[in-house]
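# Understanding the architecture of this molecule
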Amino acid sequence: MKTFYVLNGPNLNRLGKREPGIYGSETLQTVERRLTEVANENEISIVFRQSNHEGDLIDWIHEAEDAAGIIINPGAFTHYSYAIRDAIASVSVQVVEVHISNVHSREPFRHTSVISPVTKGQIVGFGTQGYELALRSFL
Ligand code: CA2
């Protein structure tokens, strides 16, 4: 059975609890439940992880090197973590980057992703539905 990793970075455990105007009202648990339904329909499995710590995300990217794909929302690390970028570049598994909000219509510092150049693609601005779109891109 193919396994996909869904990795979420800092503060995404706060999803659905604050700033619904930007990030919507769904919690990360709801997102996981929805993706699990897609996984069950397609006979794949998903490993879900969230951390507020850069090193955890790096370790999980390495751990996922034999997985069928990684879906990652690195949170604010997106904009400056060369360490996460290098971790992605160090594995051959394909990675899709997801952002819930349209980062391009927000503050200028959010317009840059140091991660994108080492990913298969980026899904931005479709709310939490972006995770499902990313998963389906692999199926
Ligand atoms: O749009 C996205 O998915 C982001 O990756 C979310 C990050 C932000 O730093 C990126 O620029 C874009 C922040 C996640 C914080 O999530 C919260 C959720 C609810 C309440 C407060 C923060």
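A quick note: this is a predicted structure, and the numbers were derived from the prediction, not measured.

## Regarding the UniProt feature "binding site: substrate" (unreviewed entry) in the chain
- Cross-referencing UniProt, the feature "binding site: substrate" (unreviewed entry) maps to Asn73, His79, Asp86, Ile100, Ser101 and Arg110 in the present numbering. For the residues just named, distributed over 38 residues, the greatest C-alpha separation reaches 24.3 Å, placing them at more than one site. Lining residues of the largest pocket drawn from the annotated set just named are Asn73, His79, Ile100, Ser101 and Arg110.
- Assignment of secondary structure puts asparagine 73 in strand β3 (residues 69-73).
- Those residues in contact with asparagine 73, other than ones at most four positions away along the chain, are Leu7, Asn8, Gly9, Leu12, Val98, His99, Ile100 and Tyr131.
- Residue position: serine 101 is located in the loop between β4 (95-99) and β5 (121-124).
- In this view, serine 101 contacts Ile22, Tyr23, Arg106, Val124 and Gly125; residues no more than four positions away in its chain are not counted.

## Quick look at the environment of serine 137
- The topology assignment puts serine 137 in helix α5 (residues 129-138).
- Assessed through its relative accessible area of 37%, serine 137 is described here as partly exposed.
- Residues serine 137 and valine 96, 41 residues apart in the sequence, show an inter-C-alpha distance of 8.7 Å.
- Contact partners of serine 137, with chain neighbours within four places excluded, come to Val96 and Lys120.

## Concerning the layout of surface pockets
- The volume enclosed by the largest pocket comes to roughly 420 Å³.
- For the largest pocket, the lining is made up of 20 residues, of which Pro10, Asn11, Leu12, Tyr23 and Arg110 are closest to its centre.
- Taken together, the residues of the lining of the largest pocket break down into eight nonpolar, seven polar and five charged.

## Topic: the site of the ligand
- Around the ligand there are 17 residues in total, and Asn73, His79, Ile100, Ser101 and Arg110 lie nearest to it.
- Histidine 99 is positioned with one of its side-chain polar atoms (N or O) 2.9 Å from an oxygen atom of the ligand.
- Taking arginine 110, its side chain carries an N or O atom lying 2.8 Å from an oxygen atom of the ligand.
- Calculation on the ligand without its partners gives an accessible area of 510 Å², and the protein chains cover 93% of this total.
- Residue composition of the shell around the ligand, by class: seven nonpolar, six polar and four charged.

## Focus on the sheet that holds strand β2 (residues 45-50)
- The five strands are arranged β2-β1-β3-β4-β5 in an open sheet whose pairing can be described as parallel. Pairing within the sheet leaves two strands with one partner each, and these edge strands are β2 and β5. Across the sheet, the mean angle from the axis of one strand to that of its neighbour is 20 degrees, orientation sign disregarded.
- Across the sheet, helix α3 (residues 54-63) touches β1 (3-8), β2 and β3, and the angle it forms with β1 is around 170 degrees.
- Each of β1, β2, β3, β4 and β5 is contacted by α5, which is oriented at about 160 degrees to β3, the strand it contacts most.

## A closer look at the pairing of β4
- Of all the five residues making up β4, five are buried; the element is thus mostly covered by neighbouring parts of the structure.
- Burial along β4 is two-sided: the face carrying Val95, Glu97 and His99 and the face carrying Val96 and Val98 are both buried.
- Bridge count between β3 and β4: three bridges; the pairing is parallel. Its bridge partner being in β4, isoleucine 72 is matched across the sheet by glutamate 97.
- Considered for its hand, the β-α-β crossover made up of β3, helix α4 (residues 82-89) and β4 is right-handed.
- Two strands pair when backbone bridges link them, and β4 and β5 are joined in this way by four bridges, in the parallel orientation. The residue of β5 that forms the bridge with valine 96 is glycine 121.

Calculation criteria
Residues numbered from 1 in each chain as written. Predicted model: local features only at pLDDT ≥ 70, side-chain atom pairs only at ≥ 80, totals over all residues. Heavy atoms only, no water. UniProt positions renumbered as here; feature names shortened; annotations may be inferred. 1 Å grid on protein atoms, 1.4 Å probe; cavity = no way out; pocket = protein on both sides within 12 Å on 5 of 7 lines; lining within 4 Å. Helix = DSSP H or I, 4+ residues; strand = E, 2+ residues; numbered from the N terminus. Contact = heavy atoms within 4.5 Å. Buried < 20%, exposed > 50% of the residue type's maximum accessible area, 1.4 Å probe, protein only. Points joined across faces, edges and corners; volume = space filled by probe spheres on them. Nonpolar A, V, L, I, M, F, W, Y, C, P; charged D, E, K, R; others polar. Near = heavy atom within 4 Å. Polar contact = N/O pair within 3.5 Å; in protein donor to acceptor, adjacent residues only side chain to side chain. Areas by Shrake-Rupley, 256 points an atom, 1.4 Å probe, with all protein chains shown as cover. Pairing = 2+ DSSP bridges. Axes fitted to C-alpha atoms, helices over the stretch in contact; angles between N-to-C directions. Right-handed = clockwise from strand over helix to strand, strands pointing away.

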